[in-house]
Amino acid sequence: MGKAGRGKDGPVSVVRETPVAAALACAGAAICLWGGPYPAARRAQLMLAGGGVLGGEPKPWRELAGELRRVRGRWRPQWWALVVAVVVAVLGGSVLPVVAGAAGVPLLRRLCRAREARRAGEGRADAVIALCAALAGEVRSGRQPGEALQRAARDSGGLGEAQAAVAAAARFGGDVPDALSVAARQPGADGLLGLAACWRVAVDQGAGLASGLDRLEAALRAERDQRADLRAQLAGARSTAVMLAGLPVLGLLLGTALGADPLRVLLHTGAGLGCLLVGGVLEGVGMWWAMRIVRGAEEV
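Residues numbered from 1 in each chain as written. Predicted model: local features only at pLDDT ≥ 70, side-chain atom pairs only at ≥ 80, totals over all residues. Heavy atoms only, no water.

1. Notes on the environment of Gly-188
Next up, step 1: Considering the arrangement of structural elements, one finds Gly-188 in the loop between α9 (176-183) and α10 (191-205).
Next up, step 2: You can call Gly-188 partly exposed: its relative accessible area is 26%.
Next up, step 3: Between the alpha carbons of Gly-188 and Ala-125 there is a distance of 5.0 Å; along the sequence they are 63 residues apart.
Next up, step 4: The residues touching Gly-188, leaving out its near neighbours within four places in the chain, are Gly-121, Arg-124 and Ala-125. (Helix = DSSP H or I, 4+ residues; strand = E, 2+ residues; numbered from the N terminus. Buried < 20%, exposed > 50% of the residue type's maximum accessible area, 1.4 Å probe, protein only. Contact = heavy atoms within 4.5 Å.)

2. Structural notes on a nonpolar patch on the surface
Next up, step 1: Together, Leu-277, Val-278, Val-281, Leu-282, Val-285, Trp-288, Trp-289 and Ile-293 make up an exposed nonpolar region whose accessible area comes to about 860 Å².
Next up, step 2: If you trace the backbone, Leu-277 turns up in helix α14 (residues 270-299). (Patch = residues over 30% accessible without salt bridge, like charges linked within 9 Å, V, L, I, M, F, W, Y side chains within 5 Å. Areas by Shrake-Rupley, 256 points an atom, 1.4 Å probe, with all protein chains shown as cover. Salt bridge = Lys/Arg side-chain N within 4 Å of Asp/Glu carboxyl O.)

3. Brief notes about the nonpolar core
Next up, step 1: In this structure, Leu-131, Leu-149, Leu-192 and Leu-195 are the most contacted members of the largest nonpolar core, which totals 32 residues.
Next up, step 2: Sorting elements by how many residues they give to this core places helix α6 (residues 96-140) first, with 7 residues.
Next up, step 3: With residues up to four places along the chain from it excluded, the contact list for Leu-149 reads Leu-131, Leu-135, Val-166, Ala-170, Val-176 and Trp-199. (Core = buried A, V, L, I, M, F, W, Y, C linked by side-chain atoms within 4.5 Å.)

4. A closer look at the side chain of Glu-138
Next up, step 1: Relative to the elements of secondary structure, Glu-138 occurs in helix α6.
Next up, step 2: Not counting residues within four places of it along the chain, the set of residues in contact with Glu-138 comprises Arg-143, Ala-148, Arg-151 and Asp-155.

5. Observations regarding the side chain of Glu-217
Next up, step 1: Tracing the backbone through its elements, the reader meets Glu-217 in helix α11 (residues 209-245).
Next up, step 2: Not counting the four nearest positions on each side in its chain, Glu-217 is found in contact with Ile-129, Cys-132 and Ala-133.

Structure (structure tokens):
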């Protein structure tokens, strides 16, 4: 080691080993943040030992693992783009990946919020179907529509703040169809407009509320199943687009394995920077166009 450090290749070897060591350190930190040490032992401890100590795991290490899990709970998925960018910047010896990763954080945050909003909308749609089924059952059991709506709204859940407004209108003799129409403005809760129409017809004109709710529930279920089937059919197209987007990364890995050092070419030469800029723009436009086609097909 002494000769290697004083020899001609000593500083070069140290410089080459530094990015690898940094990458290994980042990977170790990511593994700790993801699952923590001894996950199987921890599961056995919770299931079999009743919270006791297994395997003599030291208390400071358990406290450190708990802190890492809390940090992981506060760590948003979009920040992993910055972590990956830092690793690439260390390996490539350039700050450009850090800049690109920082610029990608707002975009990933927007995508995560859109995904959460879509899931919340799907949850509200399921809650509306459950509300229709519960309300039909309460009406058939002999309860008055107002009392039945209170019970059904309490049991179904999933409508957020509008649920309390609907229950209050039903309890104190308010305008229930108007409250349902206001609640239907939430994403995924448009089925409440049909419930409001059934309520007007049944309460104002004396028609059967339970039969109308049954038909409304069947229509909402059929629409949900059709939407889920369409999403399943489009999953292949979405997966293909994501796979094609990951091909440049595979090319970089293959180039590194062959000893071509593509990161140095892309980050430290004029032609490489030009190719990186043009390729990044084309990659982003291609992903946006493919996802737009998929979303347009889902909305048909």
